[in-house]
Amino acid sequence: MGRTSDYELYQKVQEENKEALEMLYDRYEKLLFSFSFKMLRQKELAEEAVQDVFMKLWRKKGLYSEDKGKFSSWLLTVTRNACIDLIRKQQKNEVEILEKDIDYERTESVEETVTWNEERESLKEAVSSLTEEQQDIVEMFYFKGYSQSDIAERKKIPLGTVKGRIRLALKHLKKIYRERGDKYGAENLR
């Protein structure tokens, strides 16, 4: 008997099957905690974010459907949003991220981080090969939850420059993955 798919487990959770929720928790807790800790930099807040995500899975019906993409990518998007909510609570006026700033391209970027979290050490090495400017912007955008507009304002550079640096950084990372023969990593960088 093969492993139960994430989608099948999610469907069972929708039917209030506690064992299915436990299986999803066991499958994703470490990844979600690591991702949350990278954004929040506090163990307690990261644990809270993970708890929030699984409470949403349990309480809210119909959040996920297969047309939203890979379950793990969607789950990381939910986690990212939970982290942003916690950042907002902790630093009310300091970090303002508007929902309208979270566009389709940015959602894809979060999906990319799912793959990157699975290859954590490889990613650290690849990111360290970026220019300092690119590293800084990638850190702010992907791991601290700043919008491109916020980065432009904080760095006092044009929005187009921010977008260009993110694009170039992703292009550079994709090249590195291809050179390493990591087809899986290169295909998931868009």
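Not measured: the values here are computed from a predicted model. (Residues numbered from 1 in each chain as written. Predicted model: local features only at pLDDT ≥ 70, side-chain atom pairs only at ≥ 80, totals over all residues. Heavy atoms only, no water.)

Q: It is not clear to me how the overall build of the chain should be interpreted in this structure. Could you clarify?
A: Each helix and strand counted, the chain has 10 helices and zero strands in total. Reading the helices (α) and strands (β) of the chain from amino to carboxyl end gives α-α-α-α-α-α-α-α-α-α. Considering only contacts in the chain between residues 6 or more positions apart, those separated by 24 or more positions represent 64%. Of the roughly 11,100 Å² of accessible surface on the chain, a fraction of 47% belongs to carbon and sulfur atoms. (Helix = DSSP H or I, 4+ residues; strand = E, 2+ residues; numbered from the N terminus. Contact = heavy atoms within 4.5 Å. Areas by Shrake-Rupley, 256 points an atom, 1.4 Å probe, with all protein chains shown as cover.)

Q: Help me understand the packing of aromatic side chains, please; the structure alone is not making it clear to me.
A: Here the distance between the centres and the angle between the planes together describe a pair of aromatic rings. What the rule picks out here adds up to 10 aromatic pairs. With 6.0 Å between their ring centres and 50 degrees between their planes, Tyr 10 and Phe 71 make a pair best called tilted. Of this pair, Tyr 10 sits in helix H1 (residues 6-14) while Phe 71 sits in helix H4 (residues 71-90), placing them 61 residues apart in sequence. In this structure, Tyr 10 and Phe 71 share a single accessibility class: buried. A connected cluster of aromatic rings, assembled from ring pairs, spans Tyr 7, Tyr 10, Tyr 28, Tyr 64, Phe 71 and Trp 74. (Phe/Tyr/Trp six-rings, centres within 6.5 Å; stacked < 30°, edge-to-face > 60°. Buried < 20%, exposed > 50% of the residue type's maximum accessible area, 1.4 Å probe, protein only.)

Q: Explain the pattern of salt bridges to me, please; I cannot follow it from the model alone.
A: Working definition: two side chains of opposite charge can pair if their charged atoms are close together. Summed over all chains, the structure comprises eight salt bridges. One salt bridge connects Glu 47 with Lys 43, and the closest N-O pair in it is separated by 3.8 Å. Separated by four residues within a single helix, Glu 47 and Lys 43 lie in helix H3 (residues 43-59), roughly one turn from each other. When salt bridges with common partners are traced through the structure, they connect Lys 38, Arg 41 and Glu 139 into a single cluster. (Salt bridge = Lys/Arg side-chain N within 4 Å of Asp/Glu carboxyl O.)

Q: Help me understand the packing of helix H2 (residues 18-40) against H4 in this model?
A: In helix packing, the relevant descriptors are the interaxial angle and the interaxial distance, both defined with respect to the helix axes. Direction vectors running N to C along H2 and H4 enclose 45 degrees, while the axes themselves pass 10 Å from each other. Relative to H4, H2 is oriented oblique. Viewed along their axes, H2 and H4 form a crossing whose handedness is right-handed. Of the residues in H4, those in contact with Leu 24, Tyr 28, Leu 32, Phe 35, Ser 36, Met 39 and Leu 40 of H2 are Phe 71, Ser 72, Leu 75, Leu 76, Thr 79, Arg 80, Cys 83, Ile 84, Leu 86 and Ile 87. Partitioning the contact of H2 with H4 into residue classes produces 13 nonpolar, three polar and one charged. (Axes fitted to C-alpha atoms, helices over the stretch in contact; angles between N-to-C directions. Parallel < 35°, antiparallel > 145°, perpendicular 65-115°, else oblique. Left-handed = near helix turned anticlockwise from the far one by under 90°. Nonpolar A, V, L, I, M, F, W, Y, C, P; charged D, E, K, R; others polar.)

Q: Where do I start with unusual backbone geometry in this structure?
A: Apart from glycine, the bulk of residues carry a negative phi angle, and the bulk of peptide bonds sit in the trans form. Of note, the phi angle at Arg 41 is positive, near 60 degrees, even though the residue is not glycine. Notably, Lys 156 is not glycine yet its phi reads approximately 55 degrees, a positive angle.

Q: Where do I start with the environment of Met 39 in this structure?
A: As for its placement among the helices and strands, Met 39 is situated in helix H2. For the pair Met 39 and Phe 143, spaced 104 residues apart in sequence, the C-alpha separation works out to 4.8 Å. In this structure, Met 39 is in contact with Arg 80, Cys 83, Ile 84, Ile 87, Tyr 142, Phe 143, Lys 144 and Gly 145, ignoring residues within four places of it in sequence.

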